[in-house]
Amino acid sequence: NYKVGGLTKYGLDAASLRARLLDEADRFVVASALVADWLDCPERTELRPNAVDPQLFALPFAPGPQLRVAIVSSNIAKKGLADFLTVAQSVADEGRPLRFLIIGPPTQDLHLMRPWPANVEFAGYAESPVQAMEQADLVMSLSKFSESFGRTVLEAMAAGRPVVCYDRGAPPTLVQSGVSGFVVPADDPQAAARAVLAFDAARGQLQLFSQAARRRAQELQDQATRP
């Protein structure tokens, strides 16, 4: 129930929350190195990533002629929706026929951002991670805050979908930039657009990125499910 560096629902800042946690808990199980580093008590901390639906690992990865780039989220503004739309417009301006899909619930934030670029589609809510990822070839994580883990990033990688993410929070610890996806400077949608265009230009490399993403996801899944 907290975000590193932010305020909690209890009205505590990050430093006060850390002090309270250290005082009240004997042991910590954390999902990411980011949170472990924030707690800074390795003798009391066990790192265990979140597990994902194992069916994702069996999902085929077979991009068609038109790459599908997706954001999968709660579709609130701080998930980076405006930046996603900027990426879509930048790619359209380059004349590349990619599709950009917004997967998740309809929200007021989404409505207020209309009109969207012509290459953006609202795909609606997906009932499961598998249903979400089978609609995508690439997945973007553009949150405007520090995600403490980034489950959607790991779900995408388990499904063999390369990821483009901002260099903020935990997602960059999951994605191996240049191997399983690209990590780009935070709050730089033009850099994110260039990463997407690089995938489109190097279609022959997509399977290699997909395989690397799955390998990395399997490592984290094994760590999450160990006895």
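Residues numbered from 1 in each chain as written. Predicted model: local features only at pLDDT ≥ 70, side-chain atom pairs only at ≥ 80, totals over all residues. Heavy atoms only, no water.

### With respect to the confidence of the model for the protein
Argument step 1. For the protein, per-residue confidence averages 91 on the pLDDT scale, and 94% of positions sit at 70 or higher.
Argument step 2. pLDDT under 50 marks residues 1-9. Its contacts with residues more than four places away, or in other chains, come to 19 contacts. (pLDDT = per-residue confidence, 0-100. Contact = heavy atoms within 4.5 Å.)

### Concerning the packing of aromatic side chains
Argument step 1. As enumerated under the stated definition, the model contains 5 aromatic pairs in all.
Argument step 2. Considering the side-chain rings of Phe182 and Phe199, the 5.0 Å spacing of their centres and the 55 degrees angle between planes classify their relative orientation as tilted. With a gap of 17 residues between them, Phe182 in strand S8 (residues 181-184) and Phe199 in helix H8 (residues 189-201) connect regions that are remote in the sequence.
Argument step 3. With a relative accessible area of 22%, Phe182 lands in the partly exposed category.
Argument step 4. Here Phe199 falls in the buried class, since its relative accessible area comes to 2%.
Argument step 5. Judged by centre distance (5.0 Å) and plane angle (80 degrees), the rings of Phe199 and Phe209 are edge-to-face. A residue pair is termed long-range when its members are at least 10 positions apart, and Phe199 in helix H8 and Phe209 in helix H9 (residues 206-225) qualify at 10 residues. (Phe/Tyr/Trp six-rings, centres within 6.5 Å; stacked < 30°, edge-to-face > 60°. Helix = DSSP H or I, 4+ residues; strand = E, 2+ residues; numbered from the N terminus. Buried < 20%, exposed > 50% of the residue type's maximum accessible area, 1.4 Å probe, protein only.)

### Things to note about the sheet that holds strand S3 (residues 68-72)
Argument step 1. Taken in spatial order, the 6 strands make up an open sheet running S5-S4-S3-S6-S7-S8, and their pairing is parallel. A strand with exactly one partner marks an edge of an open sheet, and here the two such strands are strand S5 (120-124) and S8. Sheet twist, expressed as the mean angle between neighbouring strand axes with direction ignored, is 25 degrees.
Argument step 2. Packed onto the sheet, helix H3 (residues 81-93) meets S3, strand S4 (99-103), S5, strand S6 (138-141) and strand S7 (163-166) and runs at close to 165 degrees relative to S4.
Argument step 3. Contacts from H8 reach S3, S4, S6, S7 and S8, with the element oriented near 165 degrees to S8. (Pairing = 2+ DSSP bridges. Axes fitted to C-alpha atoms, helices over the stretch in contact; angles between N-to-C directions.)

### Points about the environment of Ile103
Argument step 1. Inspection of the secondary structure assignment puts Ile103 in strand S4.
Argument step 2. Note on Ile103: relative accessible area 2%, which makes it buried.
Argument step 3. Separated by 19 residues in sequence, Ile103 and Phe122 place their C-alpha atoms 6.5 Å apart.

### A word on the layout of surface pockets
Argument step 1. Counted as a void, the largest pocket has a volume near 450 Å³.
Argument step 2. Taken together, 27 residues line the largest pocket, and the ones lying closest to its centre are Val72, Ser73, Ser74, Lys79 and Thr152.
Argument step 3. Where the lining of the largest pocket is concerned, the elements lending two or more residues are S3, helix H5 (129-133), S6 and helix H6 (151-158).
Argument step 4. Broken down by element, the residue count for the lining of the largest pocket peaks at 4 residues, all from H6.
Argument step 5. Class assignment of the residues belonging to the lining of the largest pocket gives a composition of 13 nonpolar, 9 polar and 5 charged. (1 Å grid on protein atoms, 1.4 Å probe; cavity = no way out; pocket = protein on both sides within 12 Å on 5 of 7 lines; lining within 4 Å. Points joined across faces, edges and corners; volume = space filled by probe spheres on them. Nonpolar A, V, L, I, M, F, W, Y, C, P; charged D, E, K, R; others polar.)

### Regarding the pattern of salt bridges
Argument step 1. One pass over the full model with this rule turns up 9 salt bridges.
Argument step 2. Salt-bridge contacts for Lys144 lead to Asp83; the nearest nitrogen and oxygen are separated by 2.9 Å. With Lys144 in the loop between S6 and H6 and Asp83 in helix H3, this pair connects stretches of sequence that are 61 residues apart.
Argument step 3. Judged by relative accessible area, which is 37%, Lys144 ranks as partly exposed.
Argument step 4. Asp83 sits in the buried class, given a relative accessible area of 10%.
Argument step 5. The structure contains a network of salt bridges with shared partners spanning Asp83, Lys144, Arg168 and Asp187. (Salt bridge = Lys/Arg side-chain N within 4 Å of Asp/Glu carboxyl O.)

### Quick word on the nonpolar core
Argument step 1. By size, the foremost hydrophobic cluster in this structure holds 30 residues, and its most contacted members are Phe100, Met140 and Val196.
Argument step 2. The contacts of Met140, once residues within four sequence positions are left out, are Val69, Ala70, Ile71, Phe84, Val87, Val164, Ala192 and Val196.
Argument step 3. Counting residues in hydrophobic clusters, the runner-up holds 28 residues, among them Ala126, Val130, Phe149 and Val153. (Core = buried A, V, L, I, M, F, W, Y, C linked by side-chain atoms within 4.5 Å.)

### Here we look at the packing of H3 against H8
Argument step 1. H8 packs onto H3 with a crossing angle of 50 degrees between their chain directions and a minimal axis gap of 9 Å. Considering the angle they form, H3 stands oblique to H8. The crossing of H3 and H8 is right-handed. When H3 is examined against H8, the residues Asp83, Thr86, Val87, Ser90 and Val91 are found in contact with a partner set consisting of Pro189, Gln190, Ala192, Ala193, Val196 and Leu197.
Argument step 2. A per-class count over the contact of H3 with H8 returns 7 nonpolar, 3 polar and 1 charged. (Parallel < 35°, antiparallel > 145°, perpendicular 65-115°, else oblique. Left-handed = near helix turned anticlockwise from the far one by under 90°.)

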